Every structure is written in C-alpha cells, then in structure tokens.
Number of protein chains: 2
Amino acid sequence: MDDIRLSLLKQITNPKGDLYHALKKSDDSFNGFGEAYFTTVNFDEIKGWKKHTKMILNLIVPVGAVKFVIFNDETGEFKDITLSQSNYQRLTVPSGLWVAFKGVSNELNLVLNIANIEHDPSESENCLLEEIKYEW
Amino acid sequence: MDDIRLSLLKQITNPKGDLYHALKKSDDSFNGFGEAYFTTVNFDEIKGWKKHTKMILNLIVPVGAVKFVIFNDETGEFKDITLSQSNYQRLTVPSGLWVAFKGVSNELNLVLNIANIEHDPSESENCLLEEIKYEW
C-alpha cells in the first residue's frame, strides 16, 4: 500500500478554457506508457473489484467526482480517496492490489487511466463487489 | 498535410458507465510518450494559432465537440475536422503545421493531448487568430 501515490496536478485557468495537467514522462510516478483510455462511472454505480498482476494505473479525474477504494488482500487494509477538479490529483496504483470505484457526481464522472502496459485480460483478476466487504 | 492522421477509436458501452479508447503503444500513430494533458475550450472561443517544431499531437475529445483547423504555411492548405463522441476519432498532427481549435458544444469541450515530448515553450510559435485568415 506504501507504493500507492497521490500527486497534486496543476490546473491552469484561462479565459478561453482551462488546462489541466495529467502525466509527464519526467514525473516520479511515470512507469512507461502502454495505453491511455477513458472509463466513465455513472452516479452511484460501482465498478470493480479488479486486481492487476502487471498493470500500474495512473488515474486522473478531469470531470465529475470518483471515489476509488484500494484493498490489499494480504494485510486486509483499505485505502480510499475521492478525486475531482476540487481535489485534482493523480492516483498511482501499483499492481497486486484490488481496485473498485464509484461515481459520486450525478453528472458525468470521467476517469483517464494512463497505464504502463496495454490492456491484457490475462493479467487481471475480477471478483464480485460483495466478495470484498466495504462500506461504500 | 499527408501525415495528419485520423484513427477511429472504440467506444465500449457498459451499463455502469462506458469506456472509450484513446491511444495504445502499438498504434501506428504512437510516436512516443512525453506528456498527457487536458485542455478545454469554451463555447465559441478559439484557441490558436500554434505551430510546434518538435511536438506531435494526439488529440482526443471525450466530452463535448471541438473543431480543429490545421494550416500549412508552405502550401496555404487548410484541413478541418470536428471531433466529439459522435465522431470519436484520434487526430494526429505532425510538427510543422499551425493548429487552432474552437469549442462547438455549449457545455464542456474537453481535449486530451497525448504528446511525444513534454511541454517546452521554445519549440512552439504562436500567432494571433487574425494573422491566418480562416472562415470559422
């Protein structure tokens, strides 16, 4: 869990439209580029649980608000964080941990994941939401 | 202008929230990873013109609609394309071309740029919107 990392990201205001940082090659939490994709999570819905054996996630929430919960099945420890434009940080999740996330805003909740490898179903495990007890 | 590339991207529907592809390392239009950042452009506002000497842009519009115009100052040629969730493509722009873009939807217009190098003000030139005549 000590390798979970939160990095504050710059938001640069501009009268024509703001700019928000996501990830640079020179950032400490850059672990190589494999794929970038967006995932959305509807209000009050929860996606998860998923555990990757190789993928390192870099999660950014440019729109809406998303609560992420990370679970370590070796120690039984949980960690949660809600990201949004008002708490604009990048969440880096190492492999080997369970992740689930919930849509908190009742409009669009958008997550960008910049991952170190391309999507590969053979390197991840899924389990049902109920299989890891957590008070959402 | 022949190196400008449009790549159709997958949109995967999911009852809990959809997933949209952005860029994979194995894609033809991947030119290395330097930085990913978001830029927004308000309704009817135009950002530009900017010409990069090194940066190759990979532009994706996950929210709203954005009209991009590309200008070649050697040939006088223009190319325009409007991207949105209903025309969900990745626009790859090589260096050496002028780019400007306009917010088309009256809600949030969000652009993700995945660039081959980190932001470096010394490798780009700006000029005023009026300096390159275009009927927006």
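Bear in mind that the values here come from a model prediction, so they are computed numbers and not experimental data. (Residues numbered from 1 in each chain as written. Chains lettered and ligands numbered in written order. Predicted model: local features only at pLDDT ≥ 70, side-chain atom pairs only at ≥ 80, totals over all residues.)

Considerations on the overall build of chain A
Basically, it comes down to this: We count a stretch as a helix when DSSP gives it H or I for four or more residues in a row; a strand needs E for two or more, and each element gets its number in order from the N terminus. Values of the radius of gyration come from C-alpha atoms, whereas the globule rule sets the reference at 2.2 Å times the count of residues to the power 0.38. The exposure label follows from counting other C-beta atoms within 10 Å of a residue's C-beta, where the C-beta atoms are placed from the backbone and the thresholds are 20 or more for buried and 12 or fewer for exposed, leaving partly exposed in between. A pair of residues counts as a contact when their C-beta atoms, built from backbone coordinates, are separated by no more than 7 Å.
Scanning chain A from terminus to terminus reveals zero helices and 12 strands. Counting helices and strands in the order they occur from the N terminus, chain A gives β-β-β-β-β-β-β-β-β-β-β-β. Here the C-alpha radius of gyration of chain A, 15 Å, is about what a compact globule of 136 residues would show, namely 14 Å. Seen through its C-alpha atoms, chain A measures out along the principal axes to roughly 45 × 35 × 25 Å. Burial status across chain A gives 38% buried among its 136 residues. In chain A, 81% of the contacts between residues at least 6 apart in sequence involve partners at least 24 apart.

Details of the relation of the copies chain B and chain A
Where we set the bar: A least-squares fit on C-alpha atoms brings the copies together, and the residues used are those whose pLDDT is at least 70 in both copies.
The two copies are related by a screw operation: chain B maps onto chain A through 180° of rotation and 0.0 Å of translation along the axis, at an RMSD of 0.0 Å. A rotation of that kind, with that shift, is consistent with a two-fold axis. Of the C-alpha atoms belonging to chain B, the one lying closest to the rotation axis is found on Phe33(B), 3.3 Å away. Comparing contact sets, 100% of the residues at the interface of chain B also lie at the interface in chain A, consistent with an isologous, same-surface contact.

Some details on the pairing of strand 10 (residues 98–103) of chain B
Residue and element names in this part refer to chain B. Stated precisely, the cut-off is as follows: Being paired, for any two strands, means DSSP has found at least two bridges between them.
With six of six residues buried, strand 10 lies mostly within the body of the structure. Here strand 5 (residues 46–52) pairs with strand 10 via four bridges, running antiparallel. By the bridge assignment for strand 10, Lys47 is matched with Phe101.

Notes on the interface of chain B and chain A
Filter applied, for reference: Note on residue classes: Ala, Val, Leu, Ile, Met, Phe, Trp, Tyr, Cys and Pro are nonpolar, Asp, Glu, Lys and Arg are charged, and everything else, Gly too, is polar.
Listed as interface residues are 31 residues of chain B and, on the opposing side, 31 residues of chain A. Sorting the residues of the side of chain B that touches chain A by element identifies strand 3 (19–24), strand 4 (35–40), strand 6 (57–63) and strand 11 (110–115) of chain B as the ones contributing at least two each. Its residues assigned to classes, the side of chain B that touches chain A comprises 15 nonpolar, eight polar and eight charged. Here strand 3 (residues 19–24) of chain A pairs with strand 4 of chain B via five bridges, running antiparallel. Across the sheet, the residue bridging to Tyr20(A) is Phe38(B), located in strand 4 of chain B.

Looking at unusual backbone geometry
Residues and elements named next belong to chain A. Look at the link from Gly48 to Trp49: it is a cis peptide, with omega at 5°. Structurally, Trp49 is set in strand 5 (residues 46–52). Even without a glycine there, the phi angle at Asp44 is positive, about 70°. Topologically, Asp44 is positioned in the loop between strand 4 (35–40) and strand 5. Residue classification places Asp44 among the exposed residues on the basis of 11 C-beta atoms within 10 Å.

Structural notes on the confidence of the model for chain A
Operational definition: Looking at any residue, its pLDDT shows the predictor's confidence there, from 0 to 100.
Per-residue confidence for chain A averages 97 on the pLDDT scale, and 100% of its residues sit at or above 70. Scored by ipTM, the complex comes to 0.96, with pTM at 0.97.

Some points on the environment of Ala115(B)
With respect to the element layout, Ala115(B) can be found in strand 11. Sequence-wise, Ala115(B) and Leu83(B) are 32 residues apart; in three dimensions their C-alpha atoms are separated by 18 Å.

As for the sheet that holds strand 10 (residues 98–103) of chain A
Residue and element names in this part refer to chain A. Operational definition: To get an axis, fit a line to the C-alpha atoms, keeping to the stretch in contact for a helix; angles then go from 0 to 180 degrees between the N-to-C directions.
If you walk across this open sheet you meet the five strands as 8-7-10-5-12, and the pairing is antiparallel. Each edge of the sheet is formed by a strand with only one pairing partner; in this case those strands are strand 8 (78–84) and strand 12 (124–126). Mean inter-strand twist for the sheet, computed between neighbouring axes without regard to direction, equals 25°. Where strand 5 meets strand 12, three bridges bridge the pair, whose relative direction is antiparallel. Across the sheet, residue Lys51 finds its bridge partner in strand 12, namely Glu125.

Description of the sheet that holds strand 12 (residues 124–126) of chain B
Residue and element names in this part refer to chain B. Spatial ordering of the open sheet is given by 8-7-10-5-12, a layout of five strands whose pairing is antiparallel. Each having just a single partner strand, strand 8 (77–84) and strand 12 make up the two edges of the open sheet. Pairwise comparison of adjacent strand axes, ignoring direction, gives a mean angle of 25° for this sheet. One ladder, built from six bridges, connects strand 7 (residues 65–72) with strand 10; its direction is antiparallel. The residue of strand 10 that forms the bridge with Val66 is Gly103.

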